[in-house]
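Tertiary structure, described
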Amino acid sequence: MNRMELKFSAKSVNERLARTVCAAFLLELDPTVDEMSEVKTAISEAVTNSIIHAYNGESGVVEIKAEIEGDTVTYTVRDFGCGIDDIAKAREPLYTGKPDSERSGMGFAIMEAFMDKLEVESVKGEGTAVRMIKRITRDEQ
Amino acid sequence: MEMTLLSKHRLIAVRVYGELDHHAAGDIRSALEREIKRTGAINIAFDFGSVTFMDSSGIGMIIGRYKTVSALGGEIIIYGASEQVSRLIEMAGISHLLILSDTLQQGIDAMSRRKRVNI
Ligand SMILES: Nc1ncnc2c1ncn2[C@@H]1O[C@H](COP(=O)(O)OP(=O)(O)OP(=O)(O)O)[C@@H](O)[C@H]1O
Ligand SMILES: [Mg+2]
């Protein structure tokens, strides 16, 4: 079991920091280039959502907890922002709550496609936690 | 980001460097919108050969520019995209809106063919 925690201001400049640290944490499992880029992209989606939607330009904090157990990594991205009203609707591909800000509504669909499992918990006015799980399969060559 | 105007094709060629995320997308959007107004160009060619990462913010930025240029009768060319970027464009289901090519010249050729057909 290995653990990591990261806490940072909800600023767009930190999106790169978050995905880079989360991808580096994975190195222990000897991932492929594709697996690394999938994790990077999924983390970027979750963190960007917290910054854009949860805090909507206001200041705030984003927290990431990561855990490796065996060959499986779990990332939990948490914010303390506005929360999500209708999680099922938010997760639908192409749904966006911000149609005027050049958002494509692809974030959750990408997290779902690039990770093995995606769970979203949210309380209106309290915040959102997105948990993503991925098994890294080491191909013996 | 580096922008070059190819007046003959009414096209802005833009080379994007590094990671195309939410942090970077805003600057690219405003620079391109400004350049389109200033030059009267109606087509954009993105050189993605130096893009090392892209997420849905990049997709949103591309769709936004597509809306701008298609309203002017123009096209979007994307060339040199990595495997990761191409996969995302595929997933977003926007390939049919774009001219995807290996080089700028191939993109411009495809654009000229399309315009001739449309006339
Ligand atoms: N952390 C969050 N806090 C509050 N609302 C959220 C959060 N994450 C997502 N949402 C809501 O769910 C919607 C869908 O999110 P998703 O990431 O799929 O699309 P998007 O962010 O709107 O567009 P894209 O990710 O393609 O730029 C958002 O538009 C927003 O309304
Ligand atoms: Mg999103």
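Computed from a predicted model, the values in this text were never measured in an experiment. (Residues numbered from 1 in each chain as written. Chains lettered and ligands numbered in written order. Predicted model: local features only at pLDDT ≥ 70, side-chain atom pairs only at ≥ 80, totals over all residues. Heavy atoms only, no water.)

**Some details on the packing of helix α1 (residues 22–39) of chain B against helix α2 (residues 56–71) of chain B**
The geometry of a pair of packed helices is captured by two quantities: the angle between their axes and the separation between those axes. Residue and element names in this part refer to chain B. Inclusion rule: Structural elements are reduced to axes, namely lines fitted to C-alpha atoms, with helices fitted over the stretch in contact, and the angle between N-to-C directions of any two is expressed from 0 to 180 degrees. In this text, helices come from DSSP runs of H or I with a minimum length of four residues, and strands from runs of E with a minimum of two, each type numbered from the N-terminal end. The cut-offs work like this: below 35 degrees is roughly parallel, past 145 is roughly antiparallel, 65 to 115 is roughly perpendicular, and the gaps in between are oblique. Less than a right angle of anticlockwise turn of the near helix away from the far helix marks a crossing as left-handed, whereas a clockwise turn marks it as right-handed. Contacts: residue pairs with any heavy atoms within 4.5 Å of one another. Ten residues, namely Ala, Val, Leu, Ile, Met, Phe, Trp, Tyr, Cys and Pro, are considered nonpolar, four, namely Asp, Glu, Lys and Arg, are considered charged, and the remaining ones, Gly among them, are considered polar.
Viewed as axis vectors pointing N to C, α1 and α2 meet at an angle of 15°, and their least axial separation amounts to 9 Å. In terms of orientation, α1 lies roughly parallel with respect to α2. The crossing of α1 and α2 is right-handed. Along its contact with α1, which presents His-22, Ala-25, Ile-28, Arg-29, Leu-32, Glu-33 and Ile-36, the element α2 presents Ser-57, Met-61, Arg-65, Thr-68 and Val-69. Split into classes, the residues belonging to the contact of α1 with α2 amount to six nonpolar, three polar and three charged.

**Some thoughts on the side chain of Ser-50 of chain A**
Residues and elements named next belong to chain A. Put simply, the rule is: Here the term buried applies to any residue with accessible area under 20% of the maximum for its type, exposed to any over 50%, and partly exposed to those in between, with areas from a 1.4 Å probe on protein chains only. Two N or O atoms form a polar contact when they lie within 3.5 Å of each other; inside protein one atom must be a possible hydrogen donor and the other a possible acceptor, and for residues adjacent in sequence the pair counts only when both atoms belong to side chains.
Along the chain, Ser-50 falls in helix α2 (residues 33–54). Take Ser-50: its relative accessible area is 3%, and that puts it in the buried class. Here the side chain of Ser-50 touches Asp-79 through a polar contact of 2.7 Å, side chain to side chain.

**Points about the packing of α2 of chain A against helix α4 (residues 107–114) of chain A**
Residue and element names in this part refer to chain A. Two elements in contact, α2 and α4, have axes whose closest approach is 9 Å; the angle formed by their N-to-C orientations is 150°. One way to sum up the angle between α2 and α4 is to call them roughly antiparallel. Of the two possible hands of crossing, α2 and α4 adopt the one that is left-handed. Two secondary-structure elements touch here, α2 through Glu-38, Thr-41, Ala-42, Glu-45, Ala-46 and Asn-49 and α4 through Gly-107, Phe-108, Ile-110, Met-111 and Phe-114.

**Here we look at the layout of surface pockets**
Residue and element names in this part refer to chain A. As a reminder, the rule being used: Buriedness of a pocket was judged along seven lines, with at least five required to meet protein on both sides within 12 Å; pockets are open sets of points on a 1 Å grid over the protein atoms alone, cavities are sets where a 1.4 Å probe fits but cannot get out, and lining residues have an atom within 4 Å of a point. Grid points are joined across faces, edges and corners, and a volume is the space filled by probe spheres set on the points.
In this structure, the largest pocket occupies an estimated 690 Å³ of space. Taken together, 33 residues line the largest pocket, and the ones lying closest to its centre are His-53, Ile-84, Ala-90, Gly-97 and Phe-108. Secondary-structure elements contributing two or more residues to the lining of the largest pocket are α2, β3 (72–79), α3 (87–91), α4 and β5 (127–135). If you tally residues by element for the lining of the largest pocket, the top one is α2, at seven residues.

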